There are 2 protein chains.
Amino acid sequence: MVTTTDLAPTPAFATPLAPEDLRLIDAYWRAANYLSVGQMYLYDNPLLREPLTPAHIKPLLLGHWGTTPGQNFIYTHLNRVIGKYDLDMVYVCGPGHGGPAVVAGTYLEGTYSEVYPIISQDEEGLRRLFRQFSFPGGISSHAGPQTPGSIHEGGELGYSLSHAFGAVFDNPDLLVACVIGDGEAETGPLATAWHANKFLDPATDGAVLPILHLNGYKISNPTVLARITPEELDQLLRGYGWTPYYVEGDEPALMHQAMAQALDAVVENILAIQHNARIQTDPTRPRWPLLVLRSPKGWTGPKEVDGQANEGTFRAHQVPLAVSADAPPAHLAQLESWLRSYRPEELFDAAGRLLPELAELAPRGNRRMGANPHANGGQLLRPLQLPDFADYAVQVPAPGAVEASDTGTVGQFLRDVVARNSAPRNFRIFGPDETLSNKLGSVFEATDRQWNAATAPHDEFLATSGSVVEMLSEHQCEGWLEGYLLTGRHGLFNSYEAFIHIVDSMFNQHAKWLKTTLEIPWRRNIASLNYLLTSTVWRQDHNGFTHQDPGFIDHVVNKKASIVRVYLPPDANCLLSVMDHCLRSRHYVNVLVAAKHPAPQWLSMDAAIMHCTQGIGIWTWASSDAGQEPDVVMACCGDVPTLETLAAVSILREHLPELKIRVINVVDLLRLQRSTEHPHGLSDADYDALFTRNKPVVFAFHGYPWLVHRLTYNRANNPHMHVRGYQEEGTITTAFDMTVLNELDRFHLVMDVLDRVPRLGNRGAHLKQLLQDKLVAHKQYIYRYGQDMPEIRDWEWGSEAQ
Amino acid sequence: MVTTTDLAPTPAFATPLAPEDLRLIDAYWRAANYLSVGQMYLYDNPLLREPLTPAHIKPLLLGHWGTTPGQNFIYTHLNRVIGKYDLDMVYVCGPGHGGPAVVAGTYLEGTYSEVYPIISQDEEGLRRLFRQFSFPGGISSHAGPQTPGSIHEGGELGYSLSHAFGAVFDNPDLLVACVIGDGEAETGPLATAWHANKFLDPATDGAVLPILHLNGYKISNPTVLARITPEELDQLLRGYGWTPYYVEGDEPALMHQAMAQALDAVVENILAIQHNARIQTDPTRPRWPLLVLRSPKGWTGPKEVDGQANEGTFRAHQVPLAVSADAPPAHLAQLESWLRSYRPEELFDAAGRLLPELAELAPRGNRRMGANPHANGGQLLRPLQLPDFADYAVQVPAPGAVEASDTGTVGQFLRDVVARNSAPRNFRIFGPDETLSNKLGSVFEATDRQWNAATAPHDEFLATSGSVVEMLSEHQCEGWLEGYLLTGRHGLFNSYEAFIHIVDSMFNQHAKWLKTTLEIPWRRNIASLNYLLTSTVWRQDHNGFTHQDPGFIDHVVNKKASIVRVYLPPDANCLLSVMDHCLRSRHYVNVLVAAKHPAPQWLSMDAAIMHCTQGIGIWTWASSDAGQEPDVVMACCGDVPTLETLAAVSILREHLPELKIRVINVVDLLRLQRSTEHPHGLSDADYDALFTRNKPVVFAFHGYPWLVHRLTYNRANNPHMHVRGYQEEGTITTAFDMTVLNELDRFHLVMDVLDRVPRLGNRGAHLKQLLQDKLVAHKQYIYRYGQDMPEIRDWEWGSEAQ
């Protein structure tokens, strides 16, 4: 049965392929299927030159057959339209374990052997190709960084379509064919990714062709989209704003004709939409086409195994046929007949090379999907044109003398980054509707939010093309940015600090991609993924507890030290310096945690540059140790902890002027770690020179206090390190009260010093009592009036610093 | 304009409300709106008895007006149908900041004053009600745990619909009205949550009425669903399997009639579906109704502010009208006229109490949505009927003498937990299609996977009703389980370890809910949320690097110690004991990390019970310190680290029999923390008695090694603690090679001991060389053959232990 349903705008039962074309395309598909089964099973005898014996079988059979033949079918047919229409196409393999298909496809077109010469296009190369699959020291069962042409790893599911859209933003000539598994389609991120068509500009962006592959099953369950009625499925896809084309069936000859017909129609539809937008300058949001391929799971595999149906059922998900000493002996023969059903002798020559008449079906050069330069984006990466960040400096005549919004300041810098790179169009800012809330609104002087759904009279900053893309889905934003970076561009994700945990898992996978590609010689480094996190834990006036979580950085530092960086600039000039550095950096994940509310500024631009270059340093202007061994080290990291520490120092200097205090501020968090553990880590000697080996350290930290302990447990003065941070205590309250609730406030910090520095005598005890009384009064005041004590302002950093 | 579009099956322009009913329902809505504006603005003069002055205004104006009047409208009309049809209804407030609406609704119906008597139903109560909102020490702008009737916190968006479905599973008489914001609807989790209708049994489960509230804007952007064509929206919702009913407009009188008409139709449709399934026993999957309410953002608020349109635009999102010393003075008068537009003098009596004719509109007793017992599920919680877990014990004649699958064993226990609780129907297992893969397949002897989409001949274990619910969305599974627990039932989430990070952020919010409700006297404790994580980092034969991440437990331990527990049982009998404990526990998040592959078993059931009760202990049968001070402590936590540690001990005991080794196994991870930091933490004295104060400790840990350092940095022997764990090194390779790559293998552990124990002399050096040679040989072997050295089996735990 083949149906191109009457819902789709193409005529049914056409035969676009001439008989010889049909024969060749089927042979090419058989070759890909043969290579796929070979990867799962064969340790030797790759061309079946001799009868199959147990010695030819891998000792441990791993792999996922189910999705593979359908993807081979798609890849083969995409090759045809690439040639016919001269398309610049990248292939995204969404289904989890489609590795064998993409490996087969890129091997047949020649790119695999070009990047891995040892996997040559001959019998020995085939042997190695088969052996390496799901084998120690070999390749995994997903398409991934090792796979030529891939910008997407098929491990954790759900991000293929967002990656595909990210790739085509600002790439008007690119077409990404994105295969989406019907299992993957059940995930939340994929379910909302369909809406990306409301954010694509058909004139200045490229196009995505989603290919929803309905093979009906996940590991052991059916899939939802394969088990709703065809009418519901059609409504759903049209409701998402697409025009679906259907190719359904299992008879290869008919399916080849249907697929060729549908793909021609789909590509012509895409080209017509682009013509309409670019030449006719029609601004209407198009209904882009998508393809639904309904084919049996494990198509062309064993119909039955041990009397149970296999092809077309969940049993075809992984290795359909056990072949081992424990398995029924007949399985070996069944495997041989399965392999021979692809007629390898008609596909490969005596040397084991694909026959020329078949090899000719593949596109040429960089048109081959495995060789598309967009899929190795570092090749295309051009540095950003950056204005001098010092031009945006806040003038700070003395520490604490002026207030400014840190993100508001960096927003002006980002505005000009957008403007300077508007010609290459290679910089975008992504976020879930928080760019204004995060005080980055200056960028809207230079660009708009890209939006291609309907508009209304009172909308602001919307346009069909723009450098800011906002949708209320952190998953979508992260996936878009990743796709944008992986294809050789630059970008920034701005988000509320607490809710960036939504993409913890996506960060994981991107970090793993970066780590792995560092080890792959032919992969080029890409621009860093930059997170600007604001609306932080300490400033949640109307949001409260749900919006308080500084733990993303805990999550990040578990990834490989070679690719993660964490910065907590204490003021606007430091944020400018760090942002400039991050936008120039390559192949990292940079996390910047910064304040958005107006707050005291500490460092001049020159001082900020020096401080950020070192990443950590003594603030001599706030210290009273005068270059001597201090009595106590007061360290701080993050904007609010810095403010509270400086206020605490003020109190101490007023009441105990003889106390030798050293103030250390940390911008680059991973300076705290040992140099043997992180490239930014301080040597023990340098660390000890700052923190001393045995003096008390009172460390006020932006996040969970244990993170500092985790980074410093093996330093000499670990026993003297006392860290204050967020203790998971929060509610609707004032900014100052938040610090009191978590004992990070100036009063607690002073008391921590008093508890740790010996010989302070009566004056220490007196001061402690004074502060305890103030805390009690504060609590009563908060309870009664809901406001901080007016007099706490007296304690804030002021004239002392000047 | 009011349209009940021709797409919906109800006649347009009916007038179900008689004039007097219309007058009353509009007055009730005005009362709710008045209370909402009052919460945002009024510090005093709650009934406008005197002209408004600046002294009556809160010093800091916070809150979100935009969503509120629409939700007041919904709540008011739901009250009407609850009464008319005697419905058992819970209200879920999906839009982020709908707190004022739910607070107003529950205050008007009386439940608010019942749980918070200080917020009385009089003028003083109104003053307090207004003052506490978004005020220090008061309540946040979301519906949340403090809000009567709530099972859903409106902080992080996306989970309302999954929570609603979780609530109605196995609650056949319950109807959850779930308001979904059009911002929230853009999130991934919400976008896939619509598909939950394929998993609901209309006979044995209750019903969810989604109310999609299209008010058009997020913070500063329009929403996607409000800016696609009505046809697309209709296709989308029908494609998701629902029958949409539309209520659209802004003229109150017409909207009341349309809403009453639509809600009657919707409720009757739901009742008819249930009748059809329950009485007619029709197994067809129904197309449940849903309601779309399109009303202006900030409906009934200021039309214009300072010449800019407000009602119906994004500017109505938060506080529409600034009233402060800095704002235009005319704003105060505009606020007063806005407040008076609701005519409070017609709503409240002289004492400030809602007029009786209005109060009568609310449902009675537990039918009031704020008083529904399902929304305080601990009230309804019944203990599980648990079989004796010891009956499922693996017989372990000697440590290491037998192999078994740990999760396979606990699967048999879970099968009987399912069976014993099939009558109360209060236990479910949720997961993303991995119950079989995770070796819990025994449960399918007692139940099926609940599935209400189409079935096919070769499906397995599917039924319209069952205790296992699987969809390939960790978000959906987590949301379902949370909703199920919050309404007083029990459950388990089983997942691959690496991918549980997908719900990091959902875990955060649930953990915050648990922590907060501990502090609310009228909230009752609920059953714990139990995660069973398997397919762990160390056993990923065909998946490789993407599937390797043990960091969820790092994430979990950042939450409040009072509610998180982490267990890593080393074998099947320990897993049985821990699982039984977790299923009996209340109000925790329990994380269980366990092995699924057959592996050596160490402890008899009696020994396992004793070990798990202590949570940490010396394994004397593996130790050679004979109760004396050891030369070295070898600690282990997790199944693979335990195996490698025991193998290392074997090597050491063979080669250096005089070495006094103490073997410690950790089941309950948080025993490592100080007792002052976690309720399960050991005192320093107990910790030192186990680990010594100054002997080297070689700790083989399942997860990232820094987690152990973070937990133990302040213990006396921190300088001597050496931890091996996952270092983010992984690929497709053998199980043993994974440990080598991360230096957790037996050879490295032995070398760690040799490096740390002094005076081992030549024999130590000789052994070290031997092991280094073995590692080199292993690497060569892996490279050449892709298999571990055969002789490594000689090192595995064997006769030495017996």
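Here we summarise the structure given alongside this text. (Residues numbered from 1 in each chain as written. Chains lettered and ligands numbered in written order. Predicted model: local features only at pLDDT ≥ 70, side-chain atom pairs only at ≥ 80, totals over all residues. Heavy atoms only, no water.)

### Focus: the sheet that holds strand β20 (residues 661–666) of chain A
Through backbone hydrogen bonds, the strands of a sheet pair up, either in parallel or in antiparallel fashion. Residue and element names in this part refer to chain A. Taken together, 5 strands build an open sheet; the order of strands is β18-β20-β19-β21-β22 and the sheet is mixed. Of all strands in the sheet, those bounded by a partner on one side alone are β18 (616–618) and β22 (721–724). Taking the axes of each pair of neighbouring strands and ignoring which way they run, one obtains an average angle of 20° across the sheet. As paired strands, strand β19 (residues 632–637) and strand β21 (residues 697–701) are joined by 5 bridges and run parallel to one another. Each residue of the ladder has a partner; that of V633, found in β21, is V697. Where helix α18 (residues 639–655) meets the sheet, it contacts β19, β20 and β21, and its direction lies at approximately 155° from that of β19. In this fold helix α19 (residues 684–691) packs onto β18, β19, β20, β21 and β22, with an angle of close to 130° to the strand it touches most, β20. (Pairing = 2+ DSSP bridges. Helix = DSSP H or I, 4+ residues; strand = E, 2+ residues; numbered from the N terminus. Axes fitted to C-alpha atoms, helices over the stretch in contact; angles between N-to-C directions. Contact = heavy atoms within 4.5 Å.)

### Topic: the interface of chain B and chain A
Taken together, the contacts link 119 residues of chain B with 119 residues of chain A. Buried surface at the junction of chain B and chain A, both sides included, amounts to about 9,600 Å², of which 55% is carbon and sulfur. Interface area lost by chain B to chain A is led by R227, L472 and H542 of chain B, which between them contribute 7%. Across the chain B-chain A interface, the total number found is 18 salt bridges. A salt bridge links E460 of chain B to R315 of chain A, with the nearest nitrogen and oxygen atoms 2.7 Å apart. Taken together, chain B and chain A are joined by 60 residue pairs in polar contact (both at pLDDT 80 or more). Considering every element that reaches the side of chain B that touches chain A, the biggest residue donor is helix α14 (residues 504–518) of chain B, with 7 residues. The residue makeup of the side of chain B that touches chain A, split by class, is 40 nonpolar, 50 polar and 29 charged. (Buried area = accessible area lost by both parts, 1.4 Å probe. Salt bridge = Lys/Arg side-chain N within 4 Å of Asp/Glu carboxyl O. Polar contact = N/O pair within 3.5 Å; in protein donor to acceptor, adjacent residues only side chain to side chain. Nonpolar A, V, L, I, M, F, W, Y, C, P; charged D, E, K, R; others polar.)

### Details of the packing of aromatic side chains
All names here are of chain B. Scanning the entire structure with this criterion turns up 69 aromatic pairs over all chains. Considering the side-chain rings of W194 and W242, the 6.3 Å spacing of their centres and the 80° angle between planes classify their relative orientation as edge-to-face. Highlighted residues: W194 in the loop between α7 (188–193) and β3 (207–214) and W242 in the loop between α8 (230–239) and β4 (243–248), separated in sequence by 48 residues. Overall, the relative accessible area of 2% leaves W194 in the buried class. (Phe/Tyr/Trp six-rings, centres within 6.5 Å; stacked < 30°, edge-to-face > 60°. Buried < 20%, exposed > 50% of the residue type's maximum accessible area, 1.4 Å probe, protein only.)

### Description of the packing of helix α13 (residues 474–486) of chain B against α14 of chain B
Between two packed helices, both the angle of their axes relative to each other and the distance between the axes serve to describe the pair. All names here are of chain B. Relative orientation of the contacting elements α13 and α14 amounts to 15°, with a least axis distance of 11 Å. As summarised for this structure, α13 and α14 are arranged roughly parallel, according to the angle between their axes. Seen from above, α13 lies across α14 with right-handed handedness. Contacts from H475, E478, G479, E482 and L486 of α13 reach α14 at M506, F507, H510 and W513. Of the residues assigned to the contact of α13 with α14, the class counts are 4 nonpolar, 3 polar and 2 charged. (Parallel < 35°, antiparallel > 145°, perpendicular 65-115°, else oblique. Left-handed = near helix turned anticlockwise from the far one by under 90°.)

### Focus on the environment of S683 of chain A
All names here are of chain A. Residue position: S683 is located in the loop between β20 and α19. On the basis of relative accessibility, which here comes to 25%, the residue S683 falls in the partly exposed class. In the structure, S683 is positioned 12 residues away from R671 in sequence and 9.1 Å away in space, judged by C-alpha atoms. For S683, the residues in contact, after removing those within four places along its chain, are S675 and R715. For S683, the side chain forms a polar contact with the main-chain nitrogen of D686, separated by 3.0 Å.

### Topic: the relation of the copies chain B and chain A
For these two chains of identical sequence, chain B goes onto chain A by a turn of 180° and a shift of 0.0 Å along the axis, with RMSD 0.0 Å. Given the turn and translation reported, the copies of this chain are related as if by a two-fold rotation axis. Among all residues of chain B, the minimum C-alpha distance to the rotation axis is found for G188 of chain B, at 1.9 Å. A shared binding surface is used by both copies, with 99% of the interface residues of chain B retained as interface residues in chain A. (Least-squares fit on C-alpha atoms with pLDDT ≥ 70 in both.)

### Let's talk about the sheet that holds β4 of chain B
Residue and element names in this part refer to chain B. Read across the open sheet, the 5 strands follow the order β1-β2-β3-β5-β4; overall the sheet is parallel. Edge strands, defined here as strands with exactly one partner in the open sheet, are β1 (88–93) and β4. Recorded for the sheet is a direction-independent mean angle of 20° between the axes of neighbouring strands. As paired elements, β4 and strand β5 (residues 289–294) share 6 bridges and run parallel to each other. Bridged to V247 within β5 is L293.

### Observations regarding the packing of helix α2 (residues 68–85) of chain B against helix α9 (residues 252–278) of chain B
All names here are of chain B. Viewed as axis vectors pointing N to C, α2 and α9 meet at an angle of 50°, and their least axial separation amounts to 10 Å. Regarding the angle of α2 to α9, the classification is oblique. Taken as a pair, α2 and α9 cross one another with a handedness that is right-handed. Mapping the contact onto sequence places F73, I74, H77, L78, R80, V81, K84 and Y85 in α2 and M255, H256, M259, A260, L263, D264, V267, E268 and L271 in α9. Of the residues in the contact of α2 with α9, the class split is 11 nonpolar, 2 polar and 4 charged.

### A closer look at the nonpolar core
Formed by 272 residues in total, the largest nonpolar core has its most connected members in Y531, F691 and F699 of chain A together with Y531, F691 and F699 of chain B. What F699 of chain A contacts, discounting residues up to four positions off in sequence, is A635, C636, C637, V666, L672, F691, V708, M721, H722, V723 and R724 of chain A. (Core = buried A, V, L, I, M, F, W, Y, C linked by side-chain atoms within 4.5 Å.)

### Looking at unusual backbone geometry
The general pattern is negative phi for most residues beyond glycine and trans for most peptide bonds. With a phi angle near 65°, D433 of chain A is a residue other than glycine that sits in the positive phi range. Along the polypeptide, D433 of chain A turns up in the loop between β9 (427–431) and β10 (449–450). A residue is classified by how much of its surface remains accessible, and D433 of chain A, at 2% relative accessible area, is buried. At H587 of chain B, a residue that is not glycine, the phi angle is positive and equals roughly 65°.

### Looking at the pairing of β1 of chain B
One face of the sheet, then the other: side chains in a regular strand alternate in exactly this way. Residues and elements named next belong to chain B. The buried fraction of β1 is high, at 6 of 6 residues. Of the two faces of β1, both are covered, the one formed by D88, V90 and V92 as well as the one formed by M89, Y91 and C93. Of the pairings in the sheet, the one linking β1 to strand β2 (residues 174–181) comprises 6 bridges and is parallel in character. Each bridged residue has a counterpart across the sheet, and for D88 the counterpart in β2 is L174.

### Some thoughts on the environment of I228 of chain A
By the secondary structure assignment, I228 of chain A is in the loop between β3 (207–214) and α8 (230–239). On the basis of relative accessibility, which here comes to 5%, the residue I228 of chain A falls in the buried class. Apart from the residues within four sequence positions on either side, I228 of chain A is in contact with L233 of chain A together with K198, G239 and R285 of chain B.

### Concerning helix α22 (residues 746–756) of chain B
Taken across its 11 residues, α22 of chain B has 9 buried, putting it largely inside the fold. If you check the start of α22 of chain B, you find a side-chain oxygen 2.9 Å away from the backbone N of F747 of chain B, and it comes from D745 of chain B.

### Quick word on the pattern of salt bridges
All names here are of chain A. Per the counting criterion, the structure on display carries 96 salt bridges over all chains. One salt bridge in this structure joins R724 and D752, with 2.7 Å as the shortest N-O distance. Here the residue R724 occupies a position in strand β22, and D752 occupies one in helix α22 (residues 746–756), the gap between them amounting to 28 residues. Residues R724 and D752 agree in their burial class; the two are buried. Between D737 and K779 there is a salt bridge, with its nearest N and O atoms 3.7 Å apart. Here K779 lies in helix α23 (residues 761–785) and D737 lies in helix α21 (residues 735–741), a separation of 42 residues in the sequence. Using a relative accessible area of 4% as the deciding quantity, one classes D737 as buried.

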